[in-house]
Amino acid sequence: MGRYEILKLVGEGSFGWVYQAIDNYTSQFVAIKQLKPNGDPSACEPEILALQNLEHPNIVSLKGVEHQDDDVFFIFEYMEGSLGDLINERRSRRIPFSEAEIRSLSRQVLQGLEFMHHQRGFMHRDLKPENLLVNNGVIKISDLGTATEIDCGDQFHHHYVTTRWYRAPEMLFRAFVKHERLRPFEYDEKVDMWAMGTIIAELFLMWPLFKGDDAPDQLYKICHVIGAPTWDSWTEGMFLATFMKMPKLGPENGVGLRALMPYASESAIDLIESLCSWDPSKRPSAKEALQHPFFKRGQNVDAPPGFSYCTHTRNNVVPKMTELSTMQPILGAY
Ligand code: ADP
Ligand code: MG
């Protein structure tokens, strides 16, 4: 570890600490993730396995793993900050994302997901702005601590992995399962596609789309926007909800995404709506999402998204901040 000089703490998560450091051999910045003491060193094995399988320009790259006494350190390429930091910075400076920026960021994340899901057979399970890292206009999927193989033999993956606001309904439904033997909600990589829909919406709103306090409240907030599921929109979910005698989830008719983001294009709304489908089988795969008309528009005008500067190109429609601020009371009210 003498090779690295720690500069500052850049993040603290459930697992441990992340430091910015300089690699004295290469003179490059690196990020060092240290597992918390008392943490089980074998707990990071799935993360190492996933990272070793997932080398892609839109997935953060692991440069090495170091051991010192009982501590384990992951050495990563250094990234400027998370998408969560970028959203906060833009919100505090009152600079919304242009649609071209949103397109560029979402396309890159979908490319990483396409590789992860379809070429490597892994799913992430905890996609959220804090786990997407940004550097010079490039965005990468990080924090593979919860990633697992889609067909790992355990058809009934744990239900609590994803951060609630980005958690797919089929995972939320499992909170209602009372009997150990009744394990109806297996899930797959489509949980990442749901999260992707909520993240794209957050880039338009500068605020999480569904901000629930617990699993029932999360489902209620989803219903408030997209309306409760029906036998048509999610047959399997309705069947199981009836079987499990689940209480009414929330309003039958939602306010709709358009009411929340009047400045977004038709294709953006359509993409988010399809990603946030109740029925996982109706959500597009990462590959299909990349073919969506949203990504066909203005391909040459993508502005590089980044910190502390804003390059709204002429042809981008940018919501006025006054429009955004009128959104906040609506968002706060549900
Ligand atoms: P946890 O499993 O504890 O959530 P993460 O891997 O998500 O750990 O890291 C926590 C935070 O540390 C991230 O949200 C980010 O702010 C920062 N971080 C993680 N990896 C890097 C990196 N490669 N470069 C810069 N910052 C990072
Ligand atoms: Mg994290």
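Engineer: In this structure, what is going on with the environment of Ile141? I would like to understand it.
Structural biologist: Along the chain, Ile141 falls in strand β9 (residues 138-141). Judged by relative accessible area, Ile141 falls into the buried class, the value being 0%. In the structure, Ile141 is positioned 11 residues away from Glu130 in sequence and 9.7 Å away in space, judged by C-alpha atoms. Once residues lying within four places of it in the same chain are set aside, the contact partners of Ile141 are Asn58, Ile59, Val60, Val109, Gly112, Leu113, Met116, His124, Leu127, Asn131 and Leu132.

Engineer: How do you make sense of the coordination of the magnesium ion (ligand 2) when you look at a structure like this?
Structural biologist: Angles between donor atoms at a metal ideally measure 109.5 degrees for a four-coordinate tetrahedral arrangement and either 90 or 180 degrees for a six-coordinate octahedral one. With distances of 2.1 to 2.2 Å, the protein atoms coordinating the magnesium ion (ligand 2) are Asn131 (OD1) and Asp143 (OD). Here Asp143 lies in the loop between β9 and β10 (148-149) and Asn131 lies in the loop between β7 (122-123) and β8 (132-135), a separation of 12 residues in the sequence. Using a relative accessible area of 26% as the deciding quantity, one classes Asp143 as partly exposed.

Engineer: Would you take a moment to explain the pairing of β8 for this structure?
Structural biologist: In summary, the side chains of a regular strand alternate between the two faces of the sheet. Here β8 shows a buried face lined by Leu132 and Val134 and an unburied face lined by Leu133 and Asn135. Both strand β6 (residues 81-82) and β8 contribute to a ladder of 2 bridges, which runs antiparallel. Each bridged residue has a counterpart across the sheet, and for Gly81 the counterpart in β8 is Val134. Pairing analysis gives 4 bridges linking β8 to β9, with the strands arranged antiparallel. In the strand pairing of β9, Leu133 is matched with Lys140. Counting the residues in the hairpin turn of β8 and β9 gives 2 residues, including Asn136, whose phi is positive at 50°.

Engineer: Can you help me understand the sheet that holds β9 in this one?
Structural biologist: Picture the strands of a sheet paired through backbone hydrogen bonds; they go either parallel or antiparallel. Reading across the sheet, the 3 strands line up as β6-β8-β9 and stay open at both edges, with antiparallel pairing between neighbours. Either end of the sheet is taken by a strand with one partner, and the two such strands are β6 and β9.

Engineer: Honestly, the nonpolar core in this entry has me stumped. Any pointers?
Structural biologist: Side chains of a nonpolar character, in soluble globular proteins, are inclined to be buried together. If you look at the biggest cluster of nonpolar residues, it comprises 84 residues, and the most contacted ones within it are Leu83, Leu110, Leu113, Phe204 and Met261. At 11 residues, helix α5 (residues 190-205) tops the list of elements feeding residues into this core. If near-sequence neighbours (up to four positions away) are discounted, Leu110 is found in contact with Met193, Met196, Ala286, Ala289, Leu290 and Phe295. Counting residues in each nonpolar core, the second largest holds 6 residues, with Tyr4, Ala21, Ile32 and Phe73 among its members.

Engineer: Is there a simple way to think about the site of ligand 1 in this case?
Structural biologist: The environment of ligand 1 is made up of 16 residues, and the closest members are Gly13, Lys33, Glu77, Glu130 and Asp143. One nitrogen or oxygen atom from the main chain of Glu130 is found 2.9 Å from an oxygen atom belonging to ligand 1. Relative to its free-state accessible area of 550 Å², ligand 1 is covered by the protein chains to the extent of 89%. Going through the elements one at a time, β1 (4-12), β3 (28-35) and β5 (71-77) are the ones with two or more residues in the shell around ligand 1. Per-class residue counts for the shell around ligand 1 are 8 nonpolar, 4 polar and 4 charged.

Engineer: I would appreciate a short explanation of the packing of α5 against helix α9 (residues 266-275) in the present structure.
Structural biologist: To describe two helices that pack against each other, one gives the angle between their axes and the distance between the axes. One can describe the packing of α5 onto α9 by two numbers: an axis separation of 8 Å at closest approach and a directional angle of 145°. Note that α5 runs across α9; the crossing there is left-handed. From α5, Met193, Trp194, Met196, Gly197, Ile200, Ala201 and Phe204 reach across to α9, where they touch Ala268, Leu271, Ile272 and Leu275. Its residues placed into classes, the contact of α5 with α9 shows 10 nonpolar, 1 polar and no charged.

Engineer: I keep staring at the packing of aromatic side chains and nothing clicks. Help me out?
Structural biologist: For any pair of aromatic rings, the description rests on two quantities: the centre-to-centre distance and the angle between the ring planes. Applying the stated criterion across every chain, the model contains 6 aromatic pairs. Look at Trp234 and Trp278: their rings are 6.2 Å apart centre to centre, the planes differ by 15°, and that puts the pair in the stacked class. Taken together, the residues Trp234 in the loop between α6 (215-226) and α7 (235-243) and Trp278 in the loop between α9 and α10 (286-290) connect sequence positions 44 residues apart. Accessibility classification places Trp234 together with Trp278 in one group, the buried group. With centroids separated by 5.1 Å and ring planes inclined at 70°, the aromatic side chains of Phe294 and Phe295 adopt a geometry described as edge-to-face. Judged by its relative accessible area of 0%, Phe294 is buried.

Scoring rules and cut-offs
- Residues numbered from 1 in each chain as written.
- Chains lettered and ligands numbered in written order.
- Predicted model: local features only at pLDDT ≥ 70, side-chain atom pairs only at ≥ 80, totals over all residues.
- Heavy atoms only, no water.
- Helix = DSSP H or I, 4+ residues; strand = E, 2+ residues; numbered from the N terminus.
- Buried < 20%, exposed > 50% of the residue type's maximum accessible area, 1.4 Å probe, protein only.
- Contact = heavy atoms within 4.5 Å.
- Donors = N, O, S within 2.8 Å, 3.2 Å for Na, K, Ca; no water.
- Pairing = 2+ DSSP bridges.
- Core = buried A, V, L, I, M, F, W, Y, C linked by side-chain atoms within 4.5 Å.
- Near = heavy atom within 4 Å.
- Polar contact = N/O pair within 3.5 Å; in protein donor to acceptor, adjacent residues only side chain to side chain.
- Areas by Shrake-Rupley, 256 points an atom, 1.4 Å probe, with all protein chains shown as cover.
- Nonpolar A, V, L, I, M, F, W, Y, C, P; charged D, E, K, R; others polar.
- Axes fitted to C-alpha atoms, helices over the stretch in contact; angles between N-to-C directions.
- Left-handed = near helix turned anticlockwise from the far one by under 90°.
- Phe/Tyr/Trp six-rings, centres within 6.5 Å; stacked < 30°, edge-to-face > 60°.

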